[in-house]
Amino acid sequence: MRSDTGKRVLLLHNSKSRQGEAALGPVRARLEAAGLSVIVEPFANLPEIARDISRLHQSADIIVVSGGDGSISSAAPAVIESGLPLGIIPAGTANDLARTLSIPLDFAAAADVIVAGHTRQIDVGMVNGHAFFNVASIGLSSDLAQKLDPAIKKRFGRLGYAVAALRILAGARRFRARIIEKGSGIRVKTYQIAIGNGRLYGGGNVVEQTAAIDDGSLDLYSLEMRNLWKLALMVRAFRTGTHGAWKEVRTARCVEFDIETRHPMPINTDGEIVTATPAHFKVLPGAIAVLAPAAVTRQGATLRLFHR
């Protein structure tokens, strides 16, 4: 089934993303060929996205974001406020949200999903007022996000992540934190605390084997091993979401979490540093209607120890 002709699409386009410029031509052509009216609005930095949506959403019927996971998450609050469906053109490095929703990574095929018009209600995670779709984390992934040179990220993609990750692992140290769930707190010494809203992160890791982006809950894990070398033995577990079976990995599922640390620590949401501890996490069930394939399958992918 195809979308009604004459619908107006606000296409937010990040020409600075790794594949952003290559995406614009085929996406616009596919949408216009289906009879959709397309308004292209470029953005140069993430704060612009929400402002553009707030400014222009009244002249649109569909909001489409072409960019990486961080760009799509930055759009979420304004999309929720607009009440319009969200289309996704995966033009980033990991594209975990698209993978979670089975949206094709081919630009023209992703545009066809928007044309087909099937929507799915999905959850949105929030931390200190900032939205995320995949995972928010404190520790290793935040260190990686801070130290990865954007130029290297754009040029080398996942290879750039791998090189930066090895450097982070070499100097990693555990930190002390307090995890609060349902009013009860527990103190931990950990390398990383991650809280997932979706299913996939880090280019193919699974948050938890039963996690889904529309299950109305958040999934937490904390890496509490003494030596990081054990991560090498846990590769398959992270790929399948069974890492919680290891005694060194604490897991929990809830609708809200609070994380406290001795000193403020940066929080990485879908590849971007957006806030710091102390942090309050919550889920907004079914907050956004996203244009996605009607038949959703859970797909595996190559392991990455860090999410973007």
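A brief look at the structure comes next. Just so it is clear, the model here is predicted, and its values are computed rather than measured.

With respect to the side chain of Ser-66
Phase 1: With respect to the helices and strands, Ser-66 occurs in strand E3 (residues 62-67).
Phase 2: By relative accessible area, Ser-66 is classed as buried at 3%.
Phase 3: Excluding residues that lie within four positions of it along the chain, Ser-66 makes contacts with Leu-11, Leu-12, His-13, Asn-14, Ala-23, Phe-43, Ile-89 and Ala-91.

Here's the deal with the packing of aromatic side chains
Phase 1: Evaluation of the coordinates by the stated rule reveals three aromatic pairs.
Phase 2: On the basis of an interplanar angle of 80° and a centroid distance of 6.5 Å, the ring pair of Phe-132 and Phe-281 is categorised as edge-to-face. In this pair, Phe-132 is assigned in strand E6 (residues 130-132) and Phe-281 in strand E18 (residues 279-291), connecting sequence segments 149 residues apart. The same class applies to Phe-132 and to Phe-281, which are both buried.
Phase 3: Aromatic side chains Tyr-221 and Phe-238 sit 5.8 Å apart centroid to centroid with 70° between the ring planes, which places their arrangement in the edge-to-face category. Taken together, the residues Tyr-221 in strand E13 (residues 218-223) and Phe-238 in helix H9 (residues 235-240) connect sequence positions 17 residues apart.
Phase 4: Of the residues examined, Phe-238 reaches a relative accessible area of 3% and is grouped as buried.
Phase 5: Three or more aromatic residues joined by ring pairs form one cluster here, namely Tyr-201, Tyr-221 and Phe-238.

Observations concerning the packing of helix H2 (residues 46-56) against helix H3 (residues 69-82)
Phase 1: Two numbers describe how H2 lies on H3: the axes approach to 8 Å, and their chain directions differ by 35°. The handedness of the crossing between H2 and H3 comes out as right-handed. Between H2, through Leu-46, Ile-49, Ala-50, Ile-53 and Ser-54, and H3, the contact on the second element is made entirely by Gly-70, Ser-71, Ser-74, Ala-75, Ala-78 and Val-79.
Phase 2: Residues of the contact of H2 with H3, tallied by class, amount to seven nonpolar, four polar and no charged.

A few points about the sheet that holds E13
Phase 1: Strand order in the open sheet formed by six strands is E14-E13-E10-E7-E16-E17, with antiparallel pairing between adjacent strands. Lying at the two open borders of the sheet, with one neighbouring strand each, are strand E14 (249-254) and strand E17 (272-276). Strand-to-strand twist across the sheet, computed as the mean angle between neighbouring axes with direction ignored, equals 20°.
Phase 2: Here E13 runs beside E14; their pairing, made up of six bridges, is antiparallel. By the bridge assignment for E14, Leu-218 is matched with Cys-254.

What to know about unusual backbone geometry
Phase 1: Cis geometry is adopted by the peptide bond preceding Pro-278, which originates at Thr-277 and carries an omega value of 5°.
Phase 2: Among the structural elements, Pro-278 can be located in the loop between E17 and E18.
Phase 3: Residues other than glycine seldom take positive phi values, yet Ser-102 does so here, at roughly 60°.
Phase 4: Inspection of the secondary structure assignment puts Ser-102 in the loop between helix H4 (96-100) and helix H5 (107-116).
Phase 5: Residues other than glycine seldom take positive phi values, yet Asp-270 does so here, at roughly 50°.
Phase 6: With respect to the helices, strands and loops of the structure, Asp-270 is situated in the loop between strand E16 (266-269) and E17.

Here's the deal with H5
Phase 1: By the criterion of burial, H5 is predominantly enclosed, with seven of the ten residues buried.
Phase 2: Phe-107, Ala-108, Ala-110, Ala-111, Val-113, Ile-114 and Val-115 are the residues of H5 that are buried.
Phase 3: For H5, the secondary structure elements touched by its buried residues are helix H1 (20-33), E3, strand E4 (86-90) and E18.
Phase 4: Regarding H5, its N-cap is Asp-106, as a side-chain oxygen of that residue lies 3.3 Å from the backbone nitrogen of Ala-108 further along.
Phase 5: Just downstream of H5 lies Gly-117, where phi reads positive at about 85°.

Examining the pattern of salt bridges
Phase 1: For the structure shown, the criterion picks out eleven salt bridges.
Phase 2: Among the salt bridges present, the one from Asp-219 reaches Arg-253, with a minimum N-O distance of 2.7 Å. On the criterion of sequence distance, the pair formed by Asp-219 in strand E13 and Arg-253 in strand E14 is long-range, its members being 34 residues apart.
Phase 3: Here Arg-253 falls in the partly exposed class, since its relative accessible area comes to 38%.
Phase 4: A salt bridge links Glu-224 to Arg-250, with the shortest nitrogen-to-oxygen separation between them at 2.8 Å. With a gap of 26 residues between them, Glu-224 in the loop between E13 and H9 and Arg-250 in strand E14 connect regions that are remote in the sequence.

A short note on the packing of H1 against H5
Phase 1: Taken N-terminus to C-terminus, the directions of H1 and H5 make an angle of 35°; their axes are 8 Å apart at the nearest point. Our pair here, H1 against H5, has a crossing hand that is right-handed. Of the residues in H5, those in contact with Ala-22, Ala-23, Pro-26, Val-27, Arg-30 and Leu-31 of H1 are Phe-107, Ala-108, Ala-109, Ala-111, Asp-112, Ile-114 and Val-115.
Phase 2: Classifying every residue of the contact of H1 with H5 gives eleven nonpolar, no polar and two charged.

The rules behind the values
- Residues numbered from 1 in each chain as written.
- Predicted model: local features only at pLDDT ≥ 70, side-chain atom pairs only at ≥ 80, totals over all residues.
- Heavy atoms only, no water.
- Helix = DSSP H or I, 4+ residues; strand = E, 2+ residues; numbered from the N terminus.
- Buried < 20%, exposed > 50% of the residue type's maximum accessible area, 1.4 Å probe, protein only.
- Contact = heavy atoms within 4.5 Å.
- Phe/Tyr/Trp six-rings, centres within 6.5 Å; stacked < 30°, edge-to-face > 60°.
- Axes fitted to C-alpha atoms, helices over the stretch in contact; angles between N-to-C directions.
- Left-handed = near helix turned anticlockwise from the far one by under 90°.
- Nonpolar A, V, L, I, M, F, W, Y, C, P; charged D, E, K, R; others polar.
- Pairing = 2+ DSSP bridges.
- Polar contact = N/O pair within 3.5 Å; in protein donor to acceptor, adjacent residues only side chain to side chain.
- Salt bridge = Lys/Arg side-chain N within 4 Å of Asp/Glu carboxyl O.

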